[in-house]
Amino acid sequence: PRWHPRNECVHQGYASVALVPIRGKQRIVGLLHLNDRRKGRFSADTIAALEGMASHIGEALMRKEAEEALRAAEQRYRLLVDYSQSIIYTITLEGTLTFASPSWKETLGHEPEEIIGRDFRPLVHAEDRAACEELLRRTAETGAVLPGVEYRVFHKDGSVRWHRSVISPVAAEGRSPTLFVGNAVDITERKAAEAEQERLRDQLLQS
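Numbers given to residues run from 1 along each chain, matching the order in which its sequence is written. For this predicted model, a pLDDT threshold of at least 70 governs which residues receive local features, and a threshold of 80 or more governs which side-chain atom pairs are given and counted, while totals over whole chains, interfaces and linings are taken from all residues. Only hydrogens and water are set aside; all other atoms, that is, all heavy atoms of the structure, feed into the side-chain values.

J.: Could you give me a rundown of the overall build of the protein, with the residues and numbers involved?
T.: We count a stretch as a helix when DSSP gives it H or I for four or more residues in a row; a strand needs E for two or more, and each element gets its number in order from the N terminus. Helix and strand counts for the protein come out as six helices and seven strands. For the protein, the α and β elements follow one another from N to C terminus as α-β-β-α-β-β-α-α-α-β-β-β-α. Throughout, radius of gyration means the C-alpha value; the globule benchmark is 2.2 Å times the number of residues raised to the power 0.38. In terms of overall size, the protein is more extended than a compact globule, its C-alpha atoms giving a radius of gyration of 30 Å where 207 residues would be expected to give roughly 17 Å. Counting only C-alpha atoms and orienting by the principal axes, one finds that the protein spans roughly 105 × 40 × 30 Å. Across the protein, every contact between residues at least 6 apart in sequence was considered, and the portion connecting residues at least 24 apart equals 42%. Here the protein displays about 13,800 Å² of accessible surface, and carbon together with sulfur accounts for 54% of that area. We call two residues contacting when some pair of their heavy atoms lies within 4.5 Å. For accessible areas, the Shrake-Rupley method is used with a probe of radius 1.4 Å. Any residue's cover is judged against the shown protein chains and nothing else.

And the structure:
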């Protein structure tokens, strides 16, 4: 015996030692360690049974790890959605809104429940609806994230706001997307500043 961690069992007086790796998806995720002070306590059949047990333990550990990772991801996503200053929404290819983040109320006055299930077109200025429809159509055709579109959208109180949206397609592999995740940012102040700059530029040219 040598004074080394792997020989600690020998120093403790164990004559039979079994170290069975616990595997999950070809990765060692743990170790099943059994000791006995008597000799010859682990036959080939016993080791085979322990390996089978370790395999089941490994599957259970990997499943629990995946569940915890999913739960953590869902918590991060919920924080992102709930506290994002921009509006996060989902919309079908036909134009039906299926989800709206809480920031919709803060930005446009509607409770998310008032929006879900509605067609987006009545919410958008008539002159800008075609551009939004074209973005949906082209994103579905290409399956890519395309440059966003700027459009006017109605606040619940009837006022008009300017938004810029970028959408990402959601689809199973090999299938055309039918659902899109959108991110809308209010650019009303920027548009007002641009309009003021244009007014001042025209005023200078006329003076």
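J.: Tell me about the pairing of strand β7 (residues 179-186), and name the residues and values.
T.: Of the pairings in the sheet, the one linking strand β3 (residues 87-92) to β7 comprises six bridges and is antiparallel in character. Bridge assignment links I87 to a residue of β7, and that residue is A184. DSSP calls a pair of strands paired once it identifies at least 2 bridges connecting them.

J.: Now, about the side chain of R152: what can you tell me, with residues and values included?
T.: Mapped onto the fold, R152 is located in strand β5 (residues 149-154). Here R152 falls in the buried class, since its relative accessible area comes to 18%. Distance and chemistry together define a polar contact, namely a pair of N or O atoms within 3.5 Å, with one atom able to donate a hydrogen and the other to accept it when in protein, and with adjacent residues in sequence counting only for side-chain atoms on both sides. Among the polar contacts listed, one links the side chain of R152 to the side chain of E127, at a separation of 3.0 Å. In this structure R152 touches L123, V124, H125, E127, D128, V160, R161 and W162, once residues within four positions along its chain are discounted. Three exposure classes are used, based on accessible area relative to the maximum for each residue type with a 1.4 Å probe and protein chains only: buried under 20%, partly exposed in between, and exposed over 50%.

J.: Account for the sheet that holds strand β6 (residues 160-170), with residues named and values stated.
T.: Here we have five strands laid out as an open sheet, ordered β4-β3-β7-β6-β5, and antiparallel in their pairing. The open sheet has two edge strands with one neighbour each: β4 (97-100) and β5. The mean angle between the axes of side-by-side strands here comes to 35°, regardless of whether they run parallel or antiparallel. Convention adopted: a line fitted to C-alpha atoms gives each axis, helices being fitted over their contacting stretch, and angles between N-to-C directions are expressed from 0 to 180 degrees. Against the sheet, helix α5 (residues 129-142) engages β3, β5, β6 and β7, with an angle of about 10° to β6. The strands that helix α6 (residues 188-206) touches are β5, β6 and β7; relative to β6, the one it contacts most, it runs at about 125°.

J.: Please provide a residue-by-residue account of empty space enclosed by the protein, values included.
T.: The distinction between a cavity and a pocket rests on a 1 Å grid over the protein atoms alone: a 1.4 Å probe fits inside a cavity but cannot get out, while a pocket stays open yet meets protein on both sides within 12 Å along at least five of seven lines, and a residue with an atom within 4 Å of a point counts as lining. Grid points are joined across faces, edges and corners, and a volume is the space filled by probe spheres set on the points. This structure, assessed with the given rule, holds one cavity of 30 Å³ or more. Quantified by volume, the largest cavity comes out at close to 230 Å³. As for the largest cavity, its lining consists of 19 residues, and the residues nearest its centre are Y89, I91, F120, Y151 and S165. Counting residues per element, the ones that place at least two in the lining of the largest cavity are β3, α3 (103-108), α5, β5 and β6. Taken together, the residues that form the lining of the largest cavity break down as 17 nonpolar, two polar and no charged. Each residue receives one of three labels: charged for Asp, Glu, Lys and Arg, nonpolar for Ala, Val, Leu, Ile, Met, Phe, Trp, Tyr, Cys and Pro, and polar for the others, Gly being one of them.

J.: If you had to explain a nonpolar patch on the surface to someone new, which residues and values would you point to?
T.: Together, V17, L19 and L31 make up an exposed nonpolar region whose accessible area comes to about 270 Å². Following the sequence through the fold, L19 ends up in strand β1 (residues 16-24). Residues enter a patch when their relative accessible area is above 30% and they make no salt bridge; the linking distance is 9 Å between like charges and 5 Å between nonpolar side chains (Val, Leu, Ile, Met, Phe, Trp, Tyr). Criterion for a salt bridge: a side-chain nitrogen of Lys or Arg within 4 Å of a carboxyl oxygen of Asp or Glu.

J.: Outline the environment of W104, supporting the account with residue identities and numerical values.
T.: Topologically, W104 is positioned in helix α3. Considered as a pair, W104 and R71 are 33 residues apart in the sequence and their alpha carbons are 25 Å apart.

J.: Provide a residue-level description of α5, including the pertinent values.
T.: Expected span of a helix, by definition, is 1.5 Å for each gap between consecutive residues, and there is one gap fewer than residues. The end-to-end C-alpha distance of α5, which contains 14 residues, comes to 20 Å, matching closely the 20 Å that a straight helix rising 1.5 Å per residue would cover. Of the residues making up α5, those classed as buried are C132, L135, L136, T139 and A140. End-on view of α5: buried residues confined to an arc of 125°, all on one side of the axis. Turned more than 90 degrees away from the buried face of α5 sit A130 and E141, all of them exposed. Taken together, the buried residues of α5 touch β3, β5, β6 and β7. Of the residues flanking the end of α5, it is G143, one or two places downstream, whose phi is positive at about 70°. The arc in question is formed by the directions pointing from the helix axis toward the C-beta atoms.

J.: Pulling in residues and values, what's your account of the pattern of salt bridges?
T.: Summed over all chains, the structure comprises 17 salt bridges. A salt bridge links E196 to R199, with the nearest nitrogen and oxygen atoms 2.7 Å apart. Note that E196 and R199 are positioned in helix α6 at a spacing of three residues, about one turn of the helix. Relative accessible area serves as the criterion here: at 43%, R199 is assigned to the partly exposed category. Where R201 meets E198, a salt bridge forms, and the shortest distance between an N and an O atom there is 2.6 Å. One end of the pair is R201 and the other is E198, both in helix α6 and three residues apart, which spans about a single turn. Look at E198 and you get partly exposed, because its relative accessible area is 38%.

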